[in-house]
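Here is how the chains run, residue by residue.
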Amino acid sequence: MPIWMCIDAEGIAIVDVRDERAGRLHGARYGELTGGLGVALVTGGPRRDDAMTGIANAHVARAPVLVLSGVPPRPQENRGALAGS
């Protein structure tokens, strides 16, 4: 949430999508259509893995997209914090 709140405070448009694959797709398409950098923010753990195929597709298509992902809080690191995500 902290990054989401900072993005909103900066006045950057947020487009909420159903899942990680759609987010990555929208980010890549934004980059392709505008020539700018598309950005996708995905949850960590298994949800990050859901975005991997889309990241590979964006790479092959040379789509300019930056994918950001979360990590568990340090006290929960290596304790399966995002395993059930």
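Residues numbered from 1 in each chain as written. Predicted model: local features only at pLDDT ≥ 70, side-chain atom pairs only at ≥ 80, totals over all residues. Heavy atoms only, no water.

1. Regarding the pairing of strand 1 (residues 38-42)
Alternating residues of strand 1 divide into Gly38, Ala40 and Val42, all buried, and Val39 and Leu41, none buried. Bridge analysis of strand 1 against strand 2 (residues 65-69) gives five bridges, and the strand direction is parallel. The residue of strand 2 that forms the bridge with alanine 40 is valine 67. (Buried < 20%, exposed > 50% of the residue type's maximum accessible area, 1.4 Å probe, protein only. Helix = DSSP H or I, 4+ residues; strand = E, 2+ residues; numbered from the N terminus. Pairing = 2+ DSSP bridges.)

2. Focus on helix 2 (residues 20-34)
Across its 15 residues, helix 2 extends 21 Å between first and last C-alpha, which sits within 8% of the 21 Å expected from 1.5 Å per residue. Looking at helix 2, one finds that the buried residues are Glu20, Gly23, Arg24, Gly27, Ala28 and Gly31. Angular distribution of buried residues about the axis of helix 2 spans 125°; they occupy a single face of the element. More than 90 degrees from the buried face of helix 2, the exposed residues found are Arg21 and Leu33. Backbone geometry just downstream of helix 2 places glycine 35 in the positive-phi region, at approximately 80°. (Expected span 1.5 Å × (residues − 1). Arc of directions from axis to C-beta.)

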